[in-house]
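# Structural description and commentary
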Amino acid sequence: MEHSYSELPNRSVSAANGIDYAYRDTGGHGGAAPLLLLQHFRGNLDSWDPALVDALARSRRVIAVDYAGVGGSAGQTADTFEQTARDSIAFVTAIGLDQVDLLGFSIGSFVAQEIALRRPALVRRLVLASSAPKGAPGMHGWAPDVIGAVGTPQTTPAEYLSVFFAPSAASQQAGREALGRMYARKDDRDRATSWATREAQYDGVCDWGIPDHAALERLSAIEPPVFVANGDSDPMILPRYSHLLTGLIPQAALKIYPDSAHGFLFQHHAEFAADVTKFLD
């Protein structure tokens, strides 16, 4: 990798569905398949921790993309993750890839599950970070303090830290350092996500969380190897859902990272990147 993620240009590609997708591409050629990053609730290209992406990109090509209607991508934000998956498949086709590894974070992990079910030949391996299966009891919307922190028109760094990092001094400091890395880029930043994106994505979250036993059974059809990971104190998607997910997917392994929350992959970026790289290799 020649440049840090924080220095990569914003690119755009026109897909067959009529949408121009904003993305960043590390351009590396290592690894068996490029790694596609699928972002969290209300996140855009600048919401990835450059330290994590740079660590992943040492051994492979890594691509981050804005969903349709999110950040610099055109179109309208989908209100279901099934539609977001279809849109994401259109992006992968547009940049000429036949197979990818997927790293889905939070709602990105919901999208990744749908891609693996809808287009299984496209997915070689799957990483599900801070994830939950569709239809799991207790997942119908997020706890009031969580959506109150990250679902308001203007969220603050303190609110972000309260959800993405554990209450300990060490985790909060790691969160402040991660935010510093995300905001180090001053020029050519991605477009901020809109309120329409927030509303559509939260509609998708509530749809995903409607209790549905049949939806849980769908996961037995995910055939590629899967790495499930979470922080031990995630208030947004509780760690018990990672355990449930791991039990439902035939070839799934689980790791829970200590003293961390929803953003464990930014706090433990070096360890998580090493674990992901080992899994993908």
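These remarks concern the structure in this document. Treat the numbers as computed from the prediction; the structure is a model and nothing was measured.

Definitions and cut-offs
- Residues numbered from 1 in each chain as written.
- Predicted model: local features only at pLDDT ≥ 70, side-chain atom pairs only at ≥ 80, totals over all residues.
- Heavy atoms only, no water.
- Helix = DSSP H or I, 4+ residues; strand = E, 2+ residues; numbered from the N terminus.
- 1 Å grid on protein atoms, 1.4 Å probe; cavity = no way out; pocket = protein on both sides within 12 Å on 5 of 7 lines; lining within 4 Å.
- Points joined across faces, edges and corners; volume = space filled by probe spheres on them.
- Nonpolar A, V, L, I, M, F, W, Y, C, P; charged D, E, K, R; others polar.
- Expected span 1.5 Å × (residues − 1).
- Buried < 20%, exposed > 50% of the residue type's maximum accessible area, 1.4 Å probe, protein only.
- Arc of directions from axis to C-beta.
- Axes fitted to C-alpha atoms, helices over the stretch in contact; angles between N-to-C directions.
- Left-handed = near helix turned anticlockwise from the far one by under 90°.
- Contact = heavy atoms within 4.5 Å.
- Polar contact = N/O pair within 3.5 Å; in protein donor to acceptor, adjacent residues only side chain to side chain.

## Considerations on unusual backbone geometry
Although it is not a glycine, Asp188 adopts a positive phi angle of roughly 55°. Looking at the element boundaries, Asp188 is found in the loop between helix H6 (169-182) and helix H7 (195-208). A positive phi angle, close to 45°, is found at Asp259, a residue other than glycine.

## A short note on the layout of surface pockets
One way to see where empty space is left: roll a probe the size of a water molecule over the atoms. Its boundaries defined by the atoms lining it, the largest pocket holds a volume of some 730 Å³. Along the walls of the largest pocket sit 25 residues, with Arg42, Ser47, Thr155, Tyr183 and Thr193 positioned nearest its centre. At the level of elements, helix H5 (157-164) and H6 are the ones that each hand at least two residues to the lining of the largest pocket. Sort the elements by how many residues they give to the lining of the largest pocket and H5 lands first, with 3 residues. Tallied by class, the residues present in the lining of the largest pocket amount to 12 nonpolar, 8 polar and 5 charged.

## Remarks on H6
Between its first and last C-alpha, H6 extends 20 Å over 14 residues, near the 20 Å set by a 1.5 Å rise per residue. Of the positions making up H6, those classed as buried are Ser171, Gln172, Ala174, Gly175, Ala178, Leu179 and Met182. For H6, the angular spread of buried residues about the axis comes to 155°, placing them on one side. Turned more than 90 degrees off the buried face of H6, the exposed positions are Ala169 and Ala170.

## Some remarks on the packing of helix H3 (residues 107-118) against H7
Running from N to C, H3 and H7 cross one another at 65°; their axes reach a closest spacing of 11 Å. For H3 against H7, the interelement crossing comes out left-handed. On H7, the residues touching Ile107, Phe110, Gln113 and Glu114 of H3 are Gln201, Val205 and Trp208. For the contact of H3 with H7, the class distribution of residues is 4 nonpolar, 2 polar and 1 charged.

## Concerning the environment of Trp142
Residue placement: Trp142 occurs in the loop between strand E6 (123-129) and helix H4 (144-150). Spatially, the C-alpha atoms of Trp142 and His243 are 18 Å apart, while their sequence positions differ by 101 residues. Within polar-contact distance, the side chain of Trp142 engages the backbone oxygen of Met236 at 3.3 Å.

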